[in-house]
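Commentary on secondary and tertiary structure
In case you want the letters, here they are:
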Amino acid sequence: IIGPVENLTYQVQLESNNVILSWDAIEGVSQYEVYFNGELAATVESTEYAFDAEYGLTTVMVKAVSEGCHVMGATIEVCLCEAVEEVHYQAMVDNTTVRFAWNAVPDADYYIVDFKDETMQTTDRYIDLEVEPGDNTVCVTVHSVYGCNSDMVCYTLPVCAPVTNLDYAFEGNEVTIT
């Protein structure tokens, strides 16, 4: 008697949609069948299978095959979410508030924004944040309608300290600032 496939996991390769499935080997099994959303995608002899996934949710099942008999399979949901292309500075709202913006992402449920040890959620494609002198880094992650999160994309806006104690003098049509 052959047991079911166990420890089915997946790993998404950074900066791509390449997914590597892996599972524990079963003694006496010659092949494994890999199914995507109920459809046979491949028959393999190893305990790994790599594929380029679509954005969204894919139900993956791996079944062991031995001498023509199929053994109960293991199922896992692979969820991939498109990330924003870039976060950028859009405009000054007032003296201390800056608008950061990003592109819309299909199937985004909301955006998760990390800034100064604070995490916020928004359905808008921008957020207004109070900045301080120094580097101000804002990071955006997409949470998709499928329930998964994208890779984080960050932008750093260096802000200079304001100039204070300016003196000025008029001399005819000229102004001298010191």
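Worth saying up front: this structure is predicted, and the values here are computed from it rather than measured.

1. Some thoughts on the side chain of Ser 150
Along the chain, Ser 150 turns up in the loop between β13 (134–144) and β14 (153–159). Discounting residues that sit within four places of it in the chain, Ser 150 has contacts with Cys 81, Glu 82, Ala 83, Thr 141 and Val 142.

2. Here we look at unusual backbone geometry
The phi angle at Asn 7 is positive, at roughly 60°, despite the residue not being glycine. Looking at where Asn 7 falls in the secondary structure, it is placed in the segment before β1 (9–12). One non-glycine residue, Asp 117, adopts positive backbone phi at about 60°. Counting through the fold element by element, Asp 117 comes out in the loop between β10 (108–115) and β11 (118–122). Exposure remark for Asp 117: the relative accessible area of 88% places this residue in the exposed category.

3. Quick notes on the pattern of salt bridges
Evaluation of the coordinates by the stated rule reveals 2 salt bridges. Asp 128 is the salt-bridge partner of Arg 99, the closest N and O atoms lying 2.7 Å from each other. Here Arg 99, found in strand β9 (residues 97–102), pairs with Asp 128, found in strand β12 (residues 126–130); they are 29 residues apart in sequence, far enough to count as distant. Owing to a relative accessible area of 25%, Arg 99 belongs among the partly exposed residues under this scheme. Residue Asp 128 is classed as partly exposed on the basis of its relative accessible area of 33%.

4. Side note on the packing of aromatic side chains
A complete count under the given rule lists 7 aromatic pairs for this structure. When the centroid spacing of 5.4 Å and the interplanar angle of 65° are considered together, the rings of Trp 23 and Tyr 32 count as edge-to-face. Across the pair, Tyr 32 and Trp 23 agree in class, each one buried. On the basis of an interplanar angle of 20° and a centroid distance of 6.1 Å, the ring pair of Tyr 49 and Phe 51 is categorised as stacked. When sorted by exposure, Tyr 49 lands in the same class as Phe 51, which is buried. Connected via pairs of aromatic rings, a cluster forms that spans Phe 36, Tyr 49 and Phe 51. In this structure, Lys 63 packs its charged tip against the face of Tyr 35, placed 5.1 Å from the ring centre.

Calculation notes
- Think of each chain on its own: its residues are numbered from 1, step by step along the sequence as written.
- Residue-level local features of this predicted model are given only where pLDDT is at least 70; pairs of side-chain atoms are given and counted only at 80 or more, and the full residue set underlies all totals for whole chains, interfaces and linings.
- By convention in this description, side-chain values take in all heavy atoms of the structure and omit both hydrogens and water.
- Only DSSP runs of H or I covering at least 4 residues are called helices, and only runs of E covering at least 2 are called strands; the numbering of each starts at the N terminus.
- Contacts between residues were defined by any pair of non-hydrogen atoms, one from each residue, lying within 4.5 Å.
- Burial classes follow relative accessibility: with a 1.4 Å probe on protein chains only, a residue under 20% of its type's maximum area counts as buried, one over 50% as exposed, and anything between as partly exposed.
- Each reported salt bridge corresponds to a side-chain nitrogen of Lys or Arg within 4 Å of a carboxyl oxygen of Asp or Glu.
- For Phe, Tyr and Trp, where Trp contributes only its six-membered ring, two rings pair if their centres lie within 6.5 Å, and the inter-plane angle classes them as stacked under 30 degrees, edge-to-face over 60, or tilted in between.
- Working rule: Lys NZ or Arg CZ, within 6 Å of ring centre, within 35 degrees of ring normal, means a charge sits over the ring.

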